[in-house]
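What the coordinates show
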Amino acid sequence: MLFAAPSPDGSAANAYCDAHRAQWQEVWQQFDVPCDIAEAVVFPELIRYSTLKDAVETASVSTLYLNKGAEACDFSIGVFQMKPSFVEELEKRWMRSGMARQYNLFFDTKDSRMARKVRINRMGEEQWQCVYLAIFLKMLYLDYGSVNKDGVHTQDGLDRLPRKEQVRLAATAYNRGCRWVNPGYGPLEELRDKSREKHFHTAFVPVRGTRRYVYADIALKHFKEINR
């Protein structure tokens, strides 16, 4: 088990970040995303992650997902705990964004067994989870940006906010699974409201009385630690 006793203090997760940060940053830099924000966004997932739990879920996801798709099986898998439905939507949003050609990264978004096989295999690789996280952040900053698709300023989006607030809102969006909207029209107030809710837990199976935490708080704490 990677983290024998997951806990919000994040000691084991911190050690894992220290060991893998250089490899992660190589990927994130290729996509021009801020590495410290990217790491902070997924840090709470690293606290909760367990290789034993992941092995069980990956086996079940691989079989059911390949044959029937995300509607039949949609567990979180991999070190950053991504769901197949989340990655499917990321790939579709990426292909619609116009960035696929810019970064020379293309996806087969057809609902086919072959496309699902390629996708689930990628999700099992840490480097590809880094790629998907980078795509998520690129799409998030586009959708919650300051200007719309016509270049008209509509709001002070994520790109114009203090970096600590960017971390809180990006972490909240990742934890929720982002709703893909049109560029420049993301409801920032909705993200702010959700960023204060306590949903995150570290239990293998949550039960009544399981202690829950604010995901954004844990992400921001880690962001501050790596920027001391």
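The present account deals with the structure reproduced in this document.

Thresholds applied
Numbering of residues begins from 1 in every chain and follows the order in which that chain's sequence is written. For this predicted model, a pLDDT threshold of at least 70 governs which residues receive local features, and a threshold of 80 or more governs which side-chain atom pairs are given and counted, while totals over whole chains, interfaces and linings are taken from all residues. Based on all heavy atoms of the structure, the side-chain values leave hydrogens and waters out of the count. The criterion is simple. A nonpolar core is a set of buried Ala, Val, Leu, Ile, Met, Phe, Trp, Tyr and Cys residues joined through side-chain atoms within 4.5 Å. Burial status follows relative accessibility: with a 1.4 Å probe on protein chains alone, a residue under 20% of its type maximum counts as buried, one over 50% as exposed, and anything between as partly exposed. The helix and strand labels rest on DSSP assignments: H or I over at least four residues marks a helix, E over at least two residues marks a strand, and numbering proceeds from the N terminus. Throughout, a contact is declared for two residues whenever any of their heavy atoms are within 4.5 Å. Between the N-to-C directions of two axes lies an angle of 0 to 180 degrees, each axis being a line fitted to C-alpha atoms and, for a helix, fitted only over the stretch in contact. Working rule for angles: under 35 degrees goes down as roughly parallel, over 145 as roughly antiparallel, 65 to 115 as roughly perpendicular, anything else as oblique. For any pair of crossing helices, the crossing counts as left-handed if the nearer helix is rotated counterclockwise from the farther one by less than a right angle, and right-handed if it is rotated clockwise. Under the scheme applied, nonpolar residues are Ala, Val, Leu, Ile, Met, Phe, Trp, Tyr, Cys and Pro; charged residues are Asp, Glu, Lys and Arg; polar residues are all the others, including Gly. Each C-beta atom gives one direction from the helix axis, and the arc is the one those directions make. Between the first and last residue of a helix there are one fewer steps than residues, each counted as 1.5 Å, and that sum is the expected span.

Comments concerning the nonpolar core
Of all hydrophobic cores here, the largest spans 66 residues; its most connected members are Trp28 and Phe80. The element best represented in this core is helix H7 (residues 126–143), accounting for twelve residues. Apart from the residues lying within four places of it in its own chain, the contact partners of Phe80 are Trp24, Trp28, Val42, Glu45, Leu46, Gln129, Cys130, Leu133 and Tyr174.

Examining the packing of helix H4 (residues 84–97) against H7
Where H4 meets H7, the closest approach of the two axes is 10 Å, and the angle between their N-to-C directions is 55°. Taken together, the axes of H4 and H7 lie oblique to each other. H7 is crossed by H4, and the crossing has left-handed handedness. Each of Phe86, Val87, Leu90, Glu91, Arg93, Trp94 and Ser97 in H4 lies in contact with H7, whose residues at this interface are Tyr132, Ile135, Phe136, Lys138, Met139, Leu142 and Asp143. For the contact of H4 with H7, the per-class residue count stands at nine nonpolar, one polar and four charged.

Things to note about helix H6 (residues 113–123)
Among the residues of H6, those classed as buried are Ala115, Arg116, Arg119, Ile120 and Met123. In a view along the axis of H6, the buried residues occupy a sector of 125°, so they form one face of it.

Observations concerning the packing of helix H8 (residues 163–176) against helix H10 (residues 215–226)
Direction vectors running N to C along H8 and H10 enclose 135°, while the axes themselves pass 8 Å from each other. In terms of orientation, H8 lies oblique with respect to H10. Considering only the axes of H8 and H10, their crossing is right-handed. Seen from H8, the contacting residues are Arg163, Lys164, Val167, Arg168, Ala171, Thr172, Tyr174 and Asn175; seen from H10, they are Tyr215, Ala216, Asp217, Ala219, Leu220, Phe223 and Lys224. Here the contact of H8 with H10 is composed, by residue class, of eight nonpolar, two polar and five charged.

Looking at H4
Taking 1.5 Å per residue as the helical rise, H4 with its 14 residues ought to reach 20 Å, and the 20 Å between its terminal C-alpha atoms agrees with that figure. By the burial criterion, the buried members of H4 are Pro84, Phe86, Val87, Glu88, Leu90, Glu91, Arg93 and Trp94. Once H4 ends, the next one or two residues include Gly98, with phi positive near 90°.

Things to note about unusual backbone geometry
The phi angle at Asp32 is positive, at roughly 60°, despite the residue not being glycine. Its place among the elements puts Asp32 in the loop between helix H1 (11–30) and helix H2 (35–48). Phi at Gln81 takes a positive value of approximately 55°, unusual for a residue other than glycine. Within the secondary structure, Gln81 sits in the loop between helix H3 (51–68) and H4.

Function-wise, these values are silent; they only describe arrangement.
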